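A look at the structure
Chain residues, written in single-letter form:
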Amino acid sequence: MNSGHLIDGVVPGSIAEELELQKGDIIISINDNPVRDALDYRFLCKDEYLSILIKRGEEQAVFEVEKDEDEDLGLLFDNGLMDDYHSCCNKCIFCFIDQMPQGMRETLYFKDDDARLSFLQGNYITLTNLKEDDIKRIIRYRLSPINISVHTMNPELRCKMLNNRFAGKSLKILDRFFEAGITMNAQIVLCEGINDRDELEYTLKRLSGYLPYLESVSVVPVGLTKYRDGLKSLDPVSRENAEHTIRIVEKWQKKLFPSYGLHFVHASDEMYLLAGLPLPDEETYDGYLQLENGVGMLTLLKNEFDQALDARVSKDFFPVSGSYPETVVATGSLAAPFIERLIEKAKNVFPAINARVVPVRNDFFGEGVTVAGLVTGSDLLSQLSEIKPGSVVLIPLCMLRSGENVFLDDITVEEIEYKLGITVKTVPSDGAQLLDALMYEGGFSKGKPSGSYRAYELH
């Protein structure tokens with residue numbers, strides 16, 4: 001029997017406030033359909049005419065609503081899913097969570113494999129956790145896109161990589177989503193000597209058969225920490241293998257684009273940096289379908305940065321006289337040279353910019369982890385200790401827990417500021433905002449730029 005969901009609050013000015021619904025009420029059903037979780041609530045609310053059964057205390061009442069299609073009721077719940085999160089039943093050989101040290105906050109050890117989070121937040125699922133009712137609901141509600149961790153289309157190899165005897169069989173769910181017209185994205189975590197080279201070729205060939213509903217496939221290198229005792233021995237992706245992988249990716253892009261207008265398969269930015277090869281042009285990314293998976297993020301950053309710099313030059317901005325505190329951009333070691341080139345380009349136009357990059361070595365997880373999003377507060381404290389007090393340190397927003405000033409190791413931004421005597425500013429993954437931060441936003445006035453923008457091209 002459906003016991004309903006407790007309402008935690010009501011959005012001011014919403015339909016729910018008009019109906020005089022309140023915190024503590026319980027929503028039981030919409031149009032006689034039980035509300036099990038956030039998906040039911042979200043999709044049942046799409047209709048223009050709603051009959052909502054609400055329980056208040058021991059009483060129940062039905063509220064009739066006529067509204068615009070897709071207009072939200074304005075109800076708030078204490079749990080975004082309105083249900084328990086579904087955990088992962090796999091033991092993947094490359095799972096990052098299995099490679100974390102003990103003693104971190106409990107939530108970091110939770111492995112989700114929840115199709116609802118795939119739709120609502122862009123998380124990736126393996127398909128092994130889906131029950132028949134889950135599959136039917138995805139198709140019924142037309143949930144798109146669904147992001148899927150494929151890794152390989154070889155059923156036997158997939159069972160070994162996921163350490164799940166059903167992992168190969170679950171690939172058949174792709175056929176059901178394809179037949180139903182469900183939009184999908186896929187990812188492949190590339191493990192040296194396991195699912196690379198010929199196996200990668202086979203996987204891409206099979207996945208290309210799901211076009212156009214499978215819109216993109218990302219290929220990302222495996223991330224390995226120093227905490228792998230008792231886990232399968234894996235090697236980091238070598239420069240040679242990264243180059244070979246990119247050749248495979250670009251071959252399939254050239255093969256598929258004329259027929260589908262999609263490049264379809266993309267190597268992550270990290271793969272290009274490992275290979276020492278230039279990043280693709282913006283057009284290659286098909287509208288950045290897997291931006292949050294590190295695919296095209298640096299290309300987008302560069303283009304935004306260039307456009308913002310162009311705008312500054314066209315408006316004839318120049319730095320106000322006087323000196324500015326040193327600005328230090330702290331980022332992961334892999335992307336540091338790329339960010340450094342952006343800064344040098346800006347300084348060529350505006351020499352008063354007083355900024356430099358500090359690549360942060362990842363001592364916490366191990367030097368093999370080079371991305372900015374896994375830099376911890378403890379590594380910043382130890383490696384920024386020589387920075388002059390009063391300096392401004394810019395860090396990418398991805399270093400912090402969503403919506404908070406806390407790093408992965410629970411050190412806070414305020415703690416770093418206090419101990420080092422510096423000011424820490426977070427910068428989103430946006431090139432224009434990075435340029436603003438370098439130029440102190442209000443620290444430039446109209447006039448003629450000092451350098452030649454066109455004379456310095458970033459490659």
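Here we summarise the structure given alongside this text. (Residues numbered from 1 in each chain as written. Predicted model: local features only at pLDDT ≥ 70, side-chain atom pairs only at ≥ 80, totals over all residues. Heavy atoms only, no water.)

This part takes up the packing of helix α4 (residues 132–141) against helix α6 (residues 173–180). To characterise two packed helices, one gives the angle between the axes of the helices and the distance between these axes. Contact geometry of α4 with α6 gives a least axis separation of 10 Å together with a crossing angle of 25°. Judged by the angle between their axes, α4 and α6 are roughly parallel. As for the relative orientation of α4 and α6, their crossing is right-handed in sense. Contacts between α4 and α6 involve Glu-132, Ile-135, Lys-136, Ile-138 and Ile-139 from the former and Ile-173, Arg-176, Phe-177 and Ala-180 from the latter. Across the contact of α4 with α6, the residue classes break down as 6 nonpolar, no polar and 3 charged. (Axes fitted to C-alpha atoms, helices over the stretch in contact; angles between N-to-C directions. Helix = DSSP H or I, 4+ residues; strand = E, 2+ residues; numbered from the N terminus. Parallel < 35°, antiparallel > 145°, perpendicular 65-115°, else oblique. Left-handed = near helix turned anticlockwise from the far one by under 90°. Contact = heavy atoms within 4.5 Å. Nonpolar A, V, L, I, M, F, W, Y, C, P; charged D, E, K, R; others polar.)

All right, on to the pattern of salt bridges then. Two side chains that carry opposite charge are able to pair once their charged atoms sit near each other. All chains considered together, the criterion is met by 20 salt bridges. Among the salt bridges present, the one from Asp-98 reaches Lys-111, with a minimum N-O distance of 2.8 Å. Taken as a pair, Asp-98 in the loop between β7 (75–76) and α3 (115–121) and Lys-111 in the loop between β7 and α3 lie far apart in primary sequence, 13 residues in all. A salt bridge links Glu-243 to Arg-239; its shortest N-O distance comes to 3.5 Å. (Salt bridge = Lys/Arg side-chain N within 4 Å of Asp/Glu carboxyl O.)

So, on to the packing of aromatic side chains. Applying the stated rule across the entire model yields 7 aromatic pairs. An angle of 75° between the planes, with centres 5.5 Å apart, marks the rings of Phe-178 and Tyr-213 as edge-to-face. Of this pair, Phe-178 sits in helix α6 while Tyr-213 is found in the loop between α7 (197–208) and β11 (214–221), placing the two residues 35 residues apart along the sequence. Among the residues examined, Phe-178 registers a relative accessible area of 26% and is labelled partly exposed. The structure contains a cluster of three or more aromatic residues connected by ring pairs, namely Phe-96, Phe-364 and Phe-365. (Phe/Tyr/Trp six-rings, centres within 6.5 Å; stacked < 30°, edge-to-face > 60°. Buried < 20%, exposed > 50% of the residue type's maximum accessible area, 1.4 Å probe, protein only.)

The next subject is the packing of α7 against helix α8 (residues 239–260). For the pair α7 and α8, the least separation of the axes is 11 Å and the interaxial angle reads 25°. When the interaxial angle is binned, α7 and α8 end up roughly parallel. The hand of the α7/α8 crossing is right-handed. Contacts between α7 and α8 involve Arg-197, Leu-200, Glu-201, Leu-204, Lys-205 and Ser-208 from the first element and Glu-240, Asn-241, His-244, Thr-245, Ile-248, Lys-251, Trp-252 and Leu-256 from the second.

The next point concerns the sheet that holds strand β12 (residues 265–267). Each strand in a sheet pairs with its neighbour through backbone hydrogen bonds, running either in the same direction (parallel) or in the opposite one (antiparallel). Taken in spatial order, the 5 strands line up as β8-β9-β10-β11-β12 in an open sheet, and their pairing is parallel. Every other strand in the sheet has two partners, leaving β8 (124–125) and β12 as the edge strands with one partner each. Where β8 lies against strand β9 (residues 146–149), 2 bridges are found, and the strand directions are parallel. Opposite Ile-125, over in β9, you have Ile-148 as the bridge partner. (Pairing = 2+ DSSP bridges.)

This part covers the side chain of Thr-376. In this structure, Thr-376 sits in the loop between β15 (355–360) and α12 (377–383). A distance of 3.2 Å separates the side chain of Thr-376 from the side chain of Ser-378, its partner in a polar contact. Residues in contact with Thr-376, not counting those within four places in the same chain, are Phe-364, Phe-365, Phe-407, Leu-408 and Asp-409. (Polar contact = N/O pair within 3.5 Å; in protein donor to acceptor, adjacent residues only side chain to side chain.)

For the rest of this paragraph, the subject is the sheet that holds strand β14 (residues 327–332). Read from one edge to the other, the open sheet built from 4 strands follows the order β15-β14-β16-β17, with strand pairing classed as parallel. The outermost strands of the open sheet, each flanked by one partner alone, are β15 and β17 (423–427). Strand-to-strand twist across the sheet, computed as the mean angle between neighbouring axes with direction ignored, equals 30°. Where β14 lies against strand β16 (residues 392–396), 3 bridges are found, and the strand directions are parallel. Residue pairing across strands places Thr-327 opposite Val-392, the latter belonging to β16.

Of all 7 residues in strand β10 (residues 184–190), 7 are buried, a share of seventy percent or more. Residue alternation in β10 divides its side chains into two sets, Met-184, Ala-186, Ile-188 and Leu-190 and Asn-185, Gln-187 and Val-189, and both sets are buried. Relative to β11, β10 is paired through 7 bridges, and the arrangement is parallel. Bridging from a neighbouring strand, Ala-186 pairs with Val-217 of β11. Handedness of the crossover is the feature at issue here: the chain leaves β10, passes through α7, returns alongside β11, and the resulting connection is right-handed. (Right-handed = clockwise from strand over helix to strand, strands pointing away.)

Time to look at helix α5 (residues 155–162). Residues three or four positions apart in an α-helix share a direction because the helix packs 3.6 residues into each turn. Taken as a whole, α5 has its buried residues at Leu-157, Arg-158, Met-161 and Leu-162. Along the axis of α5, the buried positions cluster into a sector of 120°, meaning they face one direction only. Opposite the buried face of α5, by more than 90 degrees, sit the exposed residues Glu-156 and Lys-160. Of the surrounding secondary structure, the elements contacted by the buried residues of α5 are β9, β10 and α7. Of the residues flanking the start of α5, the one acting as N-cap is Asn-154, its side-chain oxygen 3.1 Å from the backbone nitrogen of Glu-156. (Arc of directions from axis to C-beta.)

A few words on a negative patch on the surface. Taken together, Glu-17, Glu-18, Asp-47, Glu-48, Glu-66, Asp-68, Glu-69, Glu-71 and Asp-72 make up a surface patch of like negative charges. Along the chain, the position of Glu-69 falls in the loop between β6 (59–66) and β7. By relative accessible area, Glu-69 is classed as exposed at 54%. (Patch = residues over 30% accessible without salt bridge, like charges linked within 9 Å, V, L, I, M, F, W, Y side chains within 5 Å. Areas by Shrake-Rupley, 256 points an atom, 1.4 Å probe, with all protein chains shown as cover. Lys, Arg positive; Asp, Glu negative; His and termini not counted. Charge placed at Lys NZ, Arg CZ, Asp CG, Glu CD.)

With that settled, the discussion passes to empty space enclosed by the protein. Tallied over the entire structure, the rule returns 1 cavity of 30 Å³ or more. Taken as a whole, the largest cavity spans an internal volume of roughly 90 Å³. Mapped onto the lining of the largest cavity, the elements with two or more residues apiece are α3 and α4. The leading source of residues in the lining of the largest cavity is α4, at 3 residues. Considered class by class, the residues forming the lining of the largest cavity number 5 nonpolar, 2 polar and 5 charged. (1 Å grid on protein atoms, 1.4 Å probe; cavity = no way out; pocket = protein on both sides within 12 Å on 5 of 7 lines; lining within 4 Å. Points joined across faces, edges and corners; volume = space filled by probe spheres on them.)

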